[in-house]
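# Structure at a glance
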Amino acid sequence: MTVSSYNPYENAQAQFDRVARIIGLDQATCALLRQPMREFHFTIPVHMDDGSTKIFNGYRIQHNDARGPAKGGIRFHPHETADTVRALSMWMTWKCSVVDIPLGGGKGGIVCDPRNMTENEQERLCRGWIRQLAKVVGPVIDVPAPDVMSNSKHMLWMLDEFETIHGGRYPGFITGKPVGMGGSLGRTEATGYGVIYTVREALKDLGLKLEETTASFQGFGNVAQYAAVLFQRLGGKVISVCCWDNNDKKAYTYRKLDGLNAEALLTIVDSFGTINKEKALEMGCEILPQGAWIEQDVDILIPAALENQITLDNVNKISKQVKLIAEGANGPINTDADEVIRERGVFLVPDFLCNAGGVTCSYFEQVQSNNNYYWEKDEVLQKLDQKMTSAYRATKETADKNKLYMRDAAYVIAINRVAQAVKMRGWV
Ligand code: GLU
């Protein structure tokens with residue numbers, strides 16, 4: 001499958017159909033769950049700093065809200081498509097379900113490249129997105145959050161616009177807010193830490209000691225940054241990270257065979273995950289081509305960038321030493337490559353389980369915001385670890401009991417819970 005023909009929505013539906021067959025899901029529930037319930041597609045006119053007006057395309061897609069308000073991030077990406085947002089909204093439903101939090105699935109997107117926009121332009125874009133959606137989202141309807149290239153600053157502008165329109169304070173409307181402005185301690189670290197909580201558990205099952213393992217990461221945005229930091233703190237060695245360079249408009253793999261210092265890398269990365277190349281060289285990193293991250297002789301691969309990164313073109317470049325793949329990103333492995341990985345017997349922690357730490361902490365943030373009472377960081381992280389570990393354990397148990405691939409096992413749990421919710425509500 002070539003990159004251009006890849007469609008994440010078809011991938012998400014194929015994954016769903018496969019498991020719907022395994023569990024014998026009835027036709028009506030299948031038809032309901034294999035597509036989103038509601039979609040909003042709209043334009044956002046933005047006055048640019050040079051005096052021109054640019055029209056951006058925006059989306060919000062609510063896949064399912066049977067278990068609670070729709071929940072999910074908003075992505076800023078130049079190649080955003082409706083089908084990508086559809087797939088991601090679907091994965092959000094399964095994500096909230098597998099960790100058993102009372103939320104549904106949604107996703108938003110804007111076709112844009114914030115790396116090439118000023119702060120003022122970004123603010124107007126965020127406010128414009130909310131103006132188009134203010135009546136169909138909200139704390140009890142649909143709760144957005146950050147995602148690819150969006151951050152806490154964007155969330156606060158969005159909250160401010162929402163509150164201005166509705167005339168009140170609604171901190172539970174959006175998550176991933178800055179700490180002190182309704183944000184939760186630990187939210188910044190949550191997705192990356194959650195990835196490593198599941199890696200820690202998977203390594204136990206594989207009979208490996210984390211402190212004797214090595215890992216290679218794709219991406220160095222929010223997820224990979226904190227995953228790398230925690231992995232290293234727990235004694236693992238980060239051999240390489242691959243990330244986009246906005247100056248050169250291409251990605252590089254940064255490698256140090258005796259281990260990169262993840263915390264030091266955090267000091268030379270910008271808010272969109274671009275590592276300063278000159279400073280990386282000073283730190284003793286080798287700079288390799290983009291694709292090198294997947295070829296490293298490491299124990300663990302952590303794709304934590306975007307969807308469709310492991311395909312038939314590069315899946316066979318994965319070293320024989322790799323025992324575990326933890327999907328930090330949503331949908332990083334396409335359907336064909338997934339088949340190869342499954343056959344090779346590499347252990348997989350699937351995306352909507354692996355990276356559920358972000359939305360789990362968003363749920364904690366929502367609870368804190370709605371109660372106007374904020375927890376200590378230790379309490380947040382301890383609750384997060386508990387949720388992630390028990391979701392991982394339940395998935396592993398289902399996989400062992402039914403001899404299923406971990407992705408299918410996570411789907412069995414997630415789909416069953418949502419199917420039960422739509423039935424109990426009398427929708428099908
Ligand atoms: N964007 C993150 C995800 O894909 C977090 C979503 C949220 O916190 O609602 O899981």
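The sections below set out a description of the structure shown in this document.

Definitions and limits used
Residues numbered from 1 in each chain as written. Predicted model: local features only at pLDDT ≥ 70, side-chain atom pairs only at ≥ 80, totals over all residues. Heavy atoms only, no water. Helix = DSSP H or I, 4+ residues; strand = E, 2+ residues; numbered from the N terminus. Rg over C-alpha atoms; globule rule 2.2 N^0.38 Å. Contact = heavy atoms within 4.5 Å. Buried < 20%, exposed > 50% of the residue type's maximum accessible area, 1.4 Å probe, protein only. Core = buried A, V, L, I, M, F, W, Y, C linked by side-chain atoms within 4.5 Å. Salt bridge = Lys/Arg side-chain N within 4 Å of Asp/Glu carboxyl O. Near = heavy atom within 4 Å. Polar contact = N/O pair within 3.5 Å; in protein donor to acceptor, adjacent residues only side chain to side chain. Areas by Shrake-Rupley, 256 points an atom, 1.4 Å probe, with all protein chains shown as cover. Phe/Tyr/Trp six-rings, centres within 6.5 Å; stacked < 30°, edge-to-face > 60°. Pairing = 2+ DSSP bridges. Axes fitted to C-alpha atoms, helices over the stretch in contact; angles between N-to-C directions. Expected span 1.5 Å × (residues − 1).

## Brief notes about the overall build of the protein
Assigned secondary structure in the protein consists of 14 helices and 12 strands. Since a compact globule built from 428 residues should have a radius of gyration of about 22 Å, the 20 Å found for the protein is in line with a globular shape. In terms of overall dimensions, the protein has C-alpha extents of about 55 × 55 × 45 Å along its principal axes. In the protein, of all internal contacts separated by at least 6 residues, the share reaching a separation of at least 24 is 72%.

## Remarks on helix α10 (residues 335-344)
Turning to α10, its buried residues are Ala337, Asp338, Val340, Ile341 and Arg342. Buried-residue contacts for α10 involve α1 (8-23), β11 (324-326), β12 (347-349) and α14 (406-424).

## With respect to the nonpolar core
Trp94 and Ile275 are the most contacted members of the largest nonpolar core, which has 88 residues in total. If you tally residues by element for this core, the top one is α14, at 12 residues. In this structure, tryptophan 94 is in contact with Phe16, Leu33, His63, Phe352, Tyr411, Ala414, Ile415 and Val418, ignoring residues within four places of it in sequence. In this structure, Met48, Phe56, Met149 and Leu159 belong to the second largest nonpolar core, which totals 24 residues.

## Notes on the pattern of salt bridges
Counted according to the given criterion, the structure contains 38 salt bridges. The closest approach of N and O atoms between arginine 86 and glutamate 39, which form a salt bridge, is 2.6 Å. In this pair, arginine 86 sits in helix α3 (residues 82-98) while glutamate 39 sits in strand β1 (residues 38-47), placing the two residues 47 residues apart along the sequence. Close ionic contact of lysine 204 with glutamate 201 constitutes a salt bridge, the shortest N to O distance being 2.9 Å. Of the two residues, lysine 204 and glutamate 201 both sit in helix α6 (residues 187-206), 3 residues apart, roughly one turn of that helix. Under the relative-accessibility criterion, lysine 204 is labelled exposed at 52%. Within this structure, Arg18, Glu327, Asp338, Glu339, Arg342, Asp351, Arg407 and Asp408 form a network of salt bridges that share partners.

## Looking at the site of the ligand
Near the ligand, the surroundings consist of 14 residues, among which Lys71, Lys95, Pro146, Asp147 and Ser362 are the closest. Between the ligand and lysine 107 there is a distance of 2.9 Å, counted from an oxygen atom to a side-chain nitrogen or oxygen. Here an oxygen atom of the ligand and a side-chain polar atom of serine 362 are 2.5 Å apart. Surface burial for the ligand is 95%, taken as the share of its 290 Å² of free accessible area covered by protein chains. Elements that contribute at least two residues to the shell around the ligand include exactly β3 (70-77), α3, β5 (142-146) and α12 (357-371).

## As for the packing of aromatic side chains
Within this structure, the stated rule accounts for 10 aromatic pairs. Geometrically, the ring pair formed by phenylalanine 16 and tryptophan 94 is stacked, given 5.7 Å between the ring centres and 10° between the ring planes. Of this pair, phenylalanine 16 sits in helix α1 while tryptophan 94 sits in helix α3, placing them 78 residues apart in sequence. Pair check on accessibility: phenylalanine 16 and tryptophan 94 agree, each one buried. Ring geometry for tyrosine 363 and phenylalanine 364: centres 5.9 Å apart, planes at 40°, overall tilted. Note on tyrosine 363: relative accessible area 22%, which makes it partly exposed.

## Description of the pairing of β1
Within a regular strand, side chains alternate between the sheet's two faces. Strand direction decides the pairing type here: β1 and strand β2 (residues 53-64), joined by 10 bridges, are antiparallel. Note that in β2 the partner of histidine 47 across the bridge is threonine 53.

## Thoughts on the environment of valine 199
Structurally, valine 199 can be placed in helix α6. Residue valine 199 is classed as buried on the basis of its relative accessible area, which comes to 0%.

## Here we look at the sheet that holds β11
Here we have 7 strands laid out as an open sheet, ordered β9-β8-β7-β6-β10-β11-β12, and mixed in their pairing. Both outer strands of the open sheet, β9 (286-289) and β12, are each paired with one neighbouring strand and no more. On average, adjacent strands in this sheet sit at an angle of 20° to one another, irrespective of strand direction. Where strand β10 (residues 300-303) lies against β11, 2 bridges are found, and the strand directions are parallel. Its bridge partner being in β11, isoleucine 300 is matched across the sheet by leucine 324. Strands in contact with α6 are β10, β11 and β12; relative to β11, the strand with the most contacts, it is inclined by about 160°.

## Notes on the pairing of β5
Among the 5 residues in β5, 5 count as buried, and that is most of the element. Where β3 and β5 come together, 5 bridges link them in parallel fashion. Among the inter-strand pairings, glycine 72 is bridged to a residue of β5, identified as proline 144.

## Section: the side chain of threonine 395
Following the sequence through the fold, threonine 395 ends up in helix α13 (residues 377-402). In this structure threonine 395 comes out as buried when scored by relative accessible area, which is 0%. Setting aside residues no more than four positions away along its own chain, threonine 395 makes contact with Val98, Leu353, Met406, Ala409, Ala410 and Ile413.

## Regarding α13
Along its 26 residues, α13 runs 38 Å from first to last C-alpha, staying within 8% of the 38 Å computed at 1.5 Å per residue. Among the residues of α13, those classed as buried are Val380, Leu381, Leu384, Met388, Thr389, Ala391, Tyr392, Thr395, Lys396, Thr398 and Ala399. Tucked inside the fold, the buried residues of α13 contact α3, α6, β12, α11 (351-354), α12 and α14. One or two steps after α13, the chain reaches lysine 403, where phi turns positive at roughly 50°.

## Side note on the sheet that holds strand β4 (residues 105-111)
Reading across from one edge, β1-β2-β4-β3-β5 is the order of the 5 strands in this open sheet, with mixed pairing throughout. Looking along the sheet, the strands with just one partner apiece sit at the ends: β1 and β5. Each strand axis lies, on average, 25° off the axis of its neighbour in the sheet, ignoring direction. In the packing of helix α4 (residues 119-133) onto the sheet, contacts are made with β1, β2, β3, β4 and β5, and the angle to β1 comes to roughly 140°.

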